Amino acid sequence: MAPIWTLQLHPISFQPSIWVSKHQTHLNFMKLRPEFRFISSSSSSKQLNRKFVLGANSGSPSDPDEPAVKTQTITVAVKDQLSKWHGTINSFPPLVFVMNRYGGRNLAIGLCIAIALLVIAVRVYAARKLRYRTPGSVADLVRRGQLRSDRRGISRPLMYEDPFNNPMVKVGKSNSTVEMCGKVYRLAPVTLTEEEQAIHQKRRSRAYQWKRPTVFLKEGESVPADVDPDTIRWIPANHPFATTASDIDEDLAQNNVYQKHGVPFRIKAEHEAMQRKLEALQSEQKLNNLMIDPRNAKDFERPFKEHPRSREQVEQSSFNNQTSDSMPPTSDPAPISVESNSSSEETQKL
Amino acid sequence: MLSLHNPFPTTPKPSINLNNSTPPFSTTFKPHFPNTLKPPKPHKPHFTTKTQSLLQYNRKPQLAGETPRVVVITSGKGGVGKTTTTANVGLSLARLGFSVVAVDADVGLRNLDLLLGLENRVNYTLVEVLNGDCRLDQALVRDKRWSNFELLCISKPRSKLPIGFGGKALVWLVDALKSRQEGSPDFIIIDCPAGIDAGFITAITPANEAVLVTTPDITSLRDADRVTGLLECDGIRDIKMIVNRVRTDMIKGEDMMSVLDVQEMLGLSLLGVIPEDSEVIRSTNRGYPLVLNKPPTLAGLAFEQAAWRLVEQDSMKAVMMEEEPKKRGFFSFFGG
Ligand SMILES: Nc1ncnc2c1ncn2[C@@H]1O[C@H](COP(=O)(O)OP(=O)(O)OP(=O)(O)O)[C@@H](O)[C@H]1O
Ligand SMILES: [Mg+2]
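Residues numbered from 1 in each chain as written. Chains lettered and ligands numbered in written order. Predicted model: local features only at pLDDT ≥ 70, side-chain atom pairs only at ≥ 80, totals over all residues. Heavy atoms only, no water.

**Brief notes about the overall build of chain B**
The helix and strand inventory of chain B stands at 14 helices and 10 strands. Long-range pairs, those at least 24 residues apart, make up 76% of the contacts in chain B with a sequence separation of at least 6. When the accessible surface of chain B is totalled, it reaches about 12800 Å², and 55% of it is carbon and sulfur. (Helix = DSSP H or I, 4+ residues; strand = E, 2+ residues; numbered from the N terminus. Contact = heavy atoms within 4.5 Å. Areas by Shrake-Rupley, 256 points an atom, 1.4 Å probe, with all protein chains shown as cover.)

Next comes the structure, spelled out in structure tokens:
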């Protein structure tokens, strides 16, 4: 650093030629900084001292008070020797070159960092996208409903267990504010007391007297003898989706709801009816060589307009518990009733 | 929109007691990872840290009352958010580890299956069970996201359920679910249709408690009051309300009744306050209830809190009023 220091003092010392020449060799000898080498090579022109001052000054960019010195030297050059304008111009390239070199390095480093950051960001984004979009991963099986996410541990459990105290919800210290989703809200205490609640209840019990209807009659029907008229609900005859006609056997329906195993009642009944018809047909046609066997029986199903798949499907779905997404709606297995036609409406398809 | 569900309540609760009984950990109960959603790994090798994180990780609401809790979600007025509430509260309960059966009692206009994204899987309904076309377990649609959540629809659109039969059928249903092999569900949540017609009667027949959904407008409130009266006549005493579609900005400008105004008019304790949230509609389109959203939204959090209170038979002690300008810290830029 010492030689640079002395060089910068030159314009002030007004003895440039001596000092410079003295140090020039020294600098050439050093060959540490490429700027200096360049300057010394350009010193073949006549205005060596002036030029060199400029060059040397610009050649020490690491010095903090460089700009001041530089401008000073430039003004000196312009004022003093307009005739040596050419020389000053000549001396500019090194300055520009050095400035470019130095600033360019900064710029390049910055650019490199920016590009690296960008590449990292893009990579992370792409990786994340890929993780979600990977075709054919197990996650797709979960999405399609073939696997249960909780069993596989794919669906992460609730990240926070307490909806009242978690990173998204924070109650303020004085219990007067709450921060939810980044917004702070003022809290107001609930003032409703038990007495007020009781007063409201009393008011309502006076205002609304009601008994839940248990008997539903179509308009025009006669009231049964042992029924409280308050609990009758009158249904318009043209009600869109309600029917009062209760041709369902209540006990049977209750048993159906309670049934835990086995073939559902109607399916069983239909199957038995089919079996009976089949047997009757067989004895009639004396097809004795044909064994009565469920597999052979299937051949006779179609003539009786039975739903060929109804039984299998019910049995299958007893394992599946309606988990078959793939079951198309057209294969709605509600069979056509043989015994009762009471359910013709329920079996309508969607 | 939040009850002051103090993490350190003065009234002792079992779950908190666990924390307080271990003095070294009671101070560290609050998560020391405030800016992440990640709980500490429950499987730490060190024993003490394990107990601590487990206690924290397993904080669950304490189930109050007898199971199955049969809750009807009703409103009187239509379109105030009964089905939305059923889906979100139901799934929240399932996520908290309770087994839930959601019943869509809306005979004519069922849409709970749509909100849950289960519409393609409803092959059988309760009507088919009654007819003996299938067994009850075949009609229950199990949600694949949370297998302790099941959906049962009462009937298919356009099919006719003998009226006056629905109530009985639901009582049988509750009985059957109680005695089923895998155990009684903790919650049976019934999505009630609008109005006070046969569908309403069907839906409230098996219920022991009710959640009244209302919006802070006068038409909805009048219906809500009427329905509350009918429920009380029917002997359902435990009625709490959820105020839905609340806009704090409008309350502040006095353009909307505040939740406390609503409470003054109805005299019901609050189970939850749900803000108006555009995510509700988006989640309906997706068939993916709001509470499953990550990161959680304001309405989703409110539903979760409501579910928590439902479990504990708790009610709100304070409600969120208007927004306060937040002091912006340096790290708020990073979501701190
Ligand atoms: N908090 C909310 N913010 C914004 N929109 C909401 C909110 N809650 C409900 N909605 C919207 O209101 C509409 C009605 O909701 P929902 O179907 O749950 O009402 P409902 O009471 O079940 O209606 P119905 O009486 O017809 O059964 C939906 O379109 C839903 O997206
Ligand atoms: Mg609805």
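**Some details on the pattern of salt bridges**
Residues and elements named next belong to chain B. Taken as a whole, this structure holds 23 salt bridges over all chains when the rule is applied. Linking Lys156 and Glu128 is a salt bridge whose minimum nitrogen-to-oxygen distance equals 3.9 Å. You can see Lys156 sitting in the loop between strand 4 (149–153) and strand 5 (161–162) and its partner Glu128 sitting in helix 6 (residues 126–131), a full 28 residues away along the chain. Here Lys156 matches Glu128 in class, with each residue buried. (Salt bridge = Lys/Arg side-chain N within 4 Å of Asp/Glu carboxyl O. Buried < 20%, exposed > 50% of the residue type's maximum accessible area, 1.4 Å probe, protein only.)

**A closer look at the packing of helix 10 (residues 218–233) of chain B against helix 12 (residues 259–266) of chain B**
Residues and elements named next belong to chain B. The interhelical angle for the contact between helix 10 and helix 12, taken along N-to-C directions, is 35 degrees, at an axis separation of 10 Å. At the point where helix 10 passes helix 12, the crossing takes the right-handed sense. The segment helix 10 lies against helix 12, with Ile218, Leu221, Ala224 and Asp225 engaging Val262, Met265 and Leu266. Across the contact of helix 10 with helix 12, the residue classes break down as 6 nonpolar, no polar and 1 charged. (Axes fitted to C-alpha atoms, helices over the stretch in contact; angles between N-to-C directions. Left-handed = near helix turned anticlockwise from the far one by under 90°. Nonpolar A, V, L, I, M, F, W, Y, C, P; charged D, E, K, R; others polar.)

**Side note on a negative patch on the surface**
A cluster of acidic side chains, namely A:Glu194, A:Glu195, A:Glu196, B:Glu254, B:Asp255, B:Asp261 and B:Glu264, defines a negative patch on the protein surface. For the negative patch, the element with the highest residue contribution is helix 9 (residues 194–207) of chain A, accounting for 3 residues. Relative to the helices and strands, A:Glu194 is located in helix 9. The class of A:Glu194 is exposed, set by a relative accessible area of 64%. (Patch = residues over 30% accessible without salt bridge, like charges linked within 9 Å, V, L, I, M, F, W, Y side chains within 5 Å. Lys, Arg positive; Asp, Glu negative; His and termini not counted. Charge placed at Lys NZ, Arg CZ, Asp CG, Glu CD.)

**Considering the site of ligand 1**
Residues and elements named next belong to chain B. Gly79, Lys82, Thr83, Thr84 and Asn244 are the nearest of the 17 residues found near ligand 1. A distance of 3.1 Å separates an oxygen atom of ligand 1 from a polar side-chain atom of Arg245. Pro275 is positioned such that a nitrogen or oxygen atom in its backbone is 3.1 Å from a nitrogen atom of ligand 1. Counting residues per element, the ones that place at least two in the shell around ligand 1 are helix 4 (82–95), strand 8 (238–246), strand 9 (269–275) and helix 13 (278–286). The element contributing the most residues to the shell around ligand 1 is helix 4, with 3 residues. A breakdown of the residues in the shell around ligand 1 according to their chemical character gives 6 nonpolar, 6 polar and 5 charged. (Near = heavy atom within 4 Å. Polar contact = N/O pair within 3.5 Å; in protein donor to acceptor, adjacent residues only side chain to side chain.)

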